[in-house]
Amino acid sequence: MPGIDECLLEAMALPGARGAALVDWSSGLALGTAGDSPVGDHETTAAETAELARAAAEYESFAPQAADTAGEPPGQPVEDLILTTRSGYHVLRFVETSFDSSVFLHLWLDRTDGNLALARHRLRVLAEGLVLR
């Protein structure tokens, strides 16, 4: 089972990967980073993506209350977010943890070389196997 650094290196091996980070969305801090940042500073990117993740995870429009999800397995109400820009894709994959589950993987992909379907699949596998130390 990979730790943070190994997980981010595997994410960076995806076609078109420009940068990756593991972010705590409750604090906005990057727990680990690899590659480049869209704004040149991983901490700024972590804080900004944390705002987006927090909104998706906490607003009822995106994350229905437990009563609304009858029959679904327990866990994060949001699996991932995809934001497209003219030059790239940002994929935020929420990570289930044994503690408060307030972390996500952020992968920044080049729009020309990136494969969004492959990235979503690979991030799901990485998030499921991630060991937070």
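Reading guide: rules and limits
Residues numbered from 1 in each chain as written. Predicted model: local features only at pLDDT ≥ 70, side-chain atom pairs only at ≥ 80, totals over all residues. Heavy atoms only, no water. Helix = DSSP H or I, 4+ residues; strand = E, 2+ residues; numbered from the N terminus. Areas by Shrake-Rupley, 256 points an atom, 1.4 Å probe, with all protein chains shown as cover. Salt bridge = Lys/Arg side-chain N within 4 Å of Asp/Glu carboxyl O. Buried < 20%, exposed > 50% of the residue type's maximum accessible area, 1.4 Å probe, protein only. Lys, Arg positive; Asp, Glu negative; His and termini not counted. Polar contact = N/O pair within 3.5 Å; in protein donor to acceptor, adjacent residues only side chain to side chain. Contact = heavy atoms within 4.5 Å. Axes fitted to C-alpha atoms, helices over the stretch in contact; angles between N-to-C directions. Parallel < 35°, antiparallel > 145°, perpendicular 65-115°, else oblique. Nonpolar A, V, L, I, M, F, W, Y, C, P; charged D, E, K, R; others polar.

What about the overall build of the protein chain?
A tally of helices and strands in the protein chain yields 3 helices and 5 strands. Ordering the α and β elements of the protein chain from the N terminus gives α-β-β-α-β-β-β-α. In the form shown here, the protein chain has an accessible surface area of approximately 7300 Å², with 50% of it arising from carbon and sulfur atoms.

Considering the pattern of salt bridges
On inspection of all chains with the given rule, the structure shows 5 salt bridges. Residue Glu10 pairs with Arg122 through a salt bridge whose shortest N-O separation is 2.3 Å. Note that Glu10 is positioned in helix H1 (residues 4–12) and Arg122 in helix H3 (residues 116–129), a separation of 112 residues in sequence. Ionic pairing is found between Glu128 and Arg124, a salt bridge with its closest N-O pair at 3.5 Å. You can see Glu128 and its partner Arg124 sitting in helix H3, 4 residues apart, about one turn around the helix.

Comments concerning the side chain of Asp24
Take Asp24: it is sitting in strand E1 (residues 17–24). In this structure, Asp24 is buried with no salt-bridge partner, the nearest side chain bearing the opposite charge being Arg54 at 6.9 Å. Engagement of the side chain of Asp24 in a polar contact is seen with the backbone nitrogen of Ser27, the distance being 3.4 Å. Side-chain polar atoms of Asp24 contact the side chain of Ser102, separated by 3.3 Å. Once residues lying within four places of it in the same chain are set aside, the contact partners of Asp24 are Leu29, Leu31, Ala50, Ser102 and Val103.

Some words on the packing of H1 against H3
Between H1 and H3, whose axes approach to 10 Å, the crossing angle comes to 170°. When the interaxial angle is binned, H1 and H3 end up roughly antiparallel. Taken together, the residues of H3 that come into contact with H1 (itself represented by Cys7, Glu10 and Ala11) are Arg122, Leu123 and Leu126. Per-class residue counts for the contact of H1 with H3 are 4 nonpolar, no polar and 2 charged.

Read these as layout, nothing more, since geometry by itself doesn't imply function.
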